[in-house]
Amino acid sequence: MHVIETQNLSKEYTAKFSKQKVNALNEFTFNVEQGEIFGLLGPNGAGKTTLIKILLAITFPTSGSAKLFGTDVTNYKAKTKVGYLPENHKFPSYLTGEQVLSYYGQLSGMSTGADMNKRIDEMLGMMNLTQWRKTKIKKYSKGMMQKLGLAQSMLSDPDLIFLDEPTDGVDPIGRKEIRDILAQIKARGKTIFLNSHLLSEVEMICDRVAILNKGDLIKEGNVDDLTRAENIFAIHTVDALSMDIKQKVLAIDSSAGIGEKEINTEAGIDKLNGIIDTLRSGGVKIQTVNQKTSTLEELFINVIKKDNTN
Amino acid sequence: MLTIIKNTFREALAKKIFIGYYIFYAIVILIMIFLVNMDSVEGVMSLTDSKMLVHQVETGFLTISWNLIIFFSLISTASFIPSMLEKGTIDLLISKPISRPMILISKYLGAVLFVFLSMVFLMGSIWLILSLKSGYWDPTFLLSIVWFTIAFAVMYSIVVVVGLTTQSTVVAILVNFFLIFVLCPLLSVREAVIFSLVTNETVKFVFDFLYYLLPKPGEFRDITTALINGETINMWKSTVNTETSMFTVSWLSPISSVLFCFVLMAYSIYYFAKKDY
């Protein structure tokens, strides 16, 4: 059983005044497995928040289906084992940090009593908010509110947590703390569904990502696989390359980048081997051959650019 | 459900408007304590006189303050629905394993229960003061707590539906103001006032239709005062004696108002359950 499962999920909005139809999601099909940290990427308006809202039945799809733990999301019981931190969440300002956790804990089905109080203590401690527990949250900073939101989403010890921009407004130290907490949660076999604009962060945290653009799923896969540039190789040599060797290399791959002791090629495995053979037959000692990797940010920009051009 | 009701109470108590609300109640109670004089010149009043005087004070109080208190109660609770629908609040609420109808009903009941307890405090205090002062202990006045709460619940269903569809507290208050102070009182006396000016049967039908369709918050007060004074209550039709201007309320008024409330709440629940947030 998949933790999250969608089949041909589509969402069409109709603009209020112009009555123009906008596709927020197109035939979106994907699964998330238990214990994964899954990242959802995309430019503004790509359909990321719409997808999360459909998965939590905050918004309804125009067509298609979505399931959490095998139960259709329209059944509110599907959300029993789910935690959620919305982007720009708003807690009742008249409550203290402790009361916020108690309120949302009860709404998540927790019973009041020693167990819940213990869990609240744990969460506040984990977020370094213990000393602020009796303070009304209207006095909290943006970072504190974000940490409280995260504590709220984890309070009932859910098996699946949706986090929409969890580090928004949090300072670098706080962000590191949040990343560590997410790693701890993952180590306990929990599933995290992360929506973030901070690609470096997603790259550090996520196992798998999906890239959305204009409601379409344009790339999905393992972070390591996606960031590995398919046909870009760098050959480093021990000796400096002679003019003769350089010309022979250019005869194999005219677009190769050649330095004093380095050759970069994007021409594929066959030509890479041809270049290596040329170097070896020319008596050049090879130090390393590396497949180049790109950052998630580079990948993201390339993929979106390509999709927009198409 | 209890969690949301409890939080609605917290929300109510956190609002500054409730301080004003309770200052108003305190002034009313102080007036009853210090200004209402139940002593006769000879020192002791007969039971009949006491009874009559108590009924007069109770009826007078309800006549003057009924619509005003309903309106105050609506003003102070009108923001509950729009504030629940704010972005970042509603998402979180719906993401919890609670059905949408349950969320809305709990919010509605929270507001109604809060007003009920406020009425227990206000009407209960007034009843206690009058009873202690007069020595006449008639619990009929306490029915005003129930009738007032039902009248509020009916009018609050309008706040709920307007709040859900417009997400505006101001519009919800304005609609209620128009109904409580303009349209509904006018429709109650349509036969004596409007029909004496209008002869067109279609127009009369429209006014009759509106009267039976819309809630009648003021007639809940008339039911209460009629019960206190032991007056007649018609079964199906409220009437106005054109010679004496005497208004006789009917049981149809609360029945049709409660039906109106049920229909509006059913629509609100349906709307809330289907809406994208």
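Only a predicted model underlies this, so the values are computations on that prediction, with no experimental measurement involved.

About the thresholds
- The residue count restarts for each chain, going from 1 along the sequence in the order it is written.
- Each chain is given a letter, starting from A, and each ligand a number, starting from 1, according to the order in which they appear as written.
- Two thresholds apply to this predicted model, a pLDDT of at least 70 for residue-level local features and 80 or more for giving and counting side-chain atom pairs, whereas whole-chain, interface and lining totals are computed over all residues.
- Think of each axis as a best-fit line through the C-alpha atoms, taken over the contacting stretch in the case of a helix, with angles from 0 to 180 degrees between the N-to-C directions.
- Labels follow the DSSP assignment, with helices taken as runs of H or I lasting at least four residues and strands as runs of E lasting at least two, numbered in each case from the N terminus.
- Between 65 and 115 degrees an angle is taken as roughly perpendicular, under 35 as roughly parallel, over 145 as roughly antiparallel, and anywhere else as oblique.
- A pair of residues counts as a contact when their C-beta atoms, built from backbone coordinates, are within 7 Å of each other.
- Each residue gets one label: Ala, Val, Leu, Ile, Met, Phe, Trp, Tyr, Cys and Pro are nonpolar, Asp, Glu, Lys and Arg are charged, and the others, such as Gly, are polar.
- At least two DSSP bridges between two strands are needed for those strands to be called paired.
- The burial criterion counts other C-beta atoms lying within 10 Å of a residue's C-beta, which is placed from the backbone; the residue is buried at 20 or more, exposed at 12 or fewer, and partly exposed between these limits.

Colleague: Lay out the packing of helix H7 (residues 143-166) of chain B against helix H11 (residues 217-229) of chain B with the relevant residues and their values.
Modeller: Residue and element names in this part refer to chain B. Running from N to C, H7 and H11 cross one another at 170 degrees; their axes reach a closest spacing of 9 Å. When the axes of H7 and H11 are compared, the pair comes out roughly antiparallel. For the pair formed by H7 and H11, the contact residues are Leu143, Ser144, Trp147, Ile150, Ala151, Val154 and Met155 on the first element and Pro217, Phe220, Ile223, Thr224 and Leu227 on the second. Taken together, the residues of the contact of H7 with H11 break down into 10 nonpolar, two polar and no charged.

Colleague: Quick one: what's the story with the sheet that holds strand S1 (residues 4-14) of chain A, residue by residue and with numbers?
Modeller: Residue and element names in this part refer to chain A. An order of S2-S1-S4-S5 is seen for the four strands of this open sheet, with the pairing classed as antiparallel. One side of each edge strand has no neighbouring strand; the edge strands of this open sheet are strand S2 (21-32) and strand S5 (71-72). Where strand S4 (residues 63-68) meets S5, two bridges bridge the pair, whose relative direction is antiparallel. Looking at the pairing, leucine 68 lines up with threonine 71 of S5.

Colleague: I'd like to hear about the interface of chain A and chain B, residue by residue, with values.
Modeller: On the chain B side, the residues contacting the 22 residues of chain A number 19 residues. Every element with two or more residues in the side of chain A that touches chain B is listed here: strand S6 (82-85) and helix H2 (97-107) of chain A. The leading source of residues in the side of chain A that touches chain B is H2(A), at three residues. Looking at side-chain class alone, the side of chain A that touches chain B contains 12 nonpolar, seven polar and three charged residues.

Colleague: Break down unusual backbone geometry for me, citing the residues and quoting the values.
Modeller: Residue and element names in this part refer to chain A. We note that aspartate 157 has phi near 55 degrees; this positive angle belongs to a residue other than glycine. Within the secondary structure layout, aspartate 157 lies in the loop between helix H4 (142-154) and strand S7 (160-164). The phi dihedral of glutamate 165 is positive, around 50 degrees, even though this residue is not glycine. Within the element layout of this structure, glutamate 165 appears in the loop between S7 and helix H5 (172-187). Judged by C-beta crowding, with 20 C-beta atoms within 10 Å, glutamate 165 ranks as buried.

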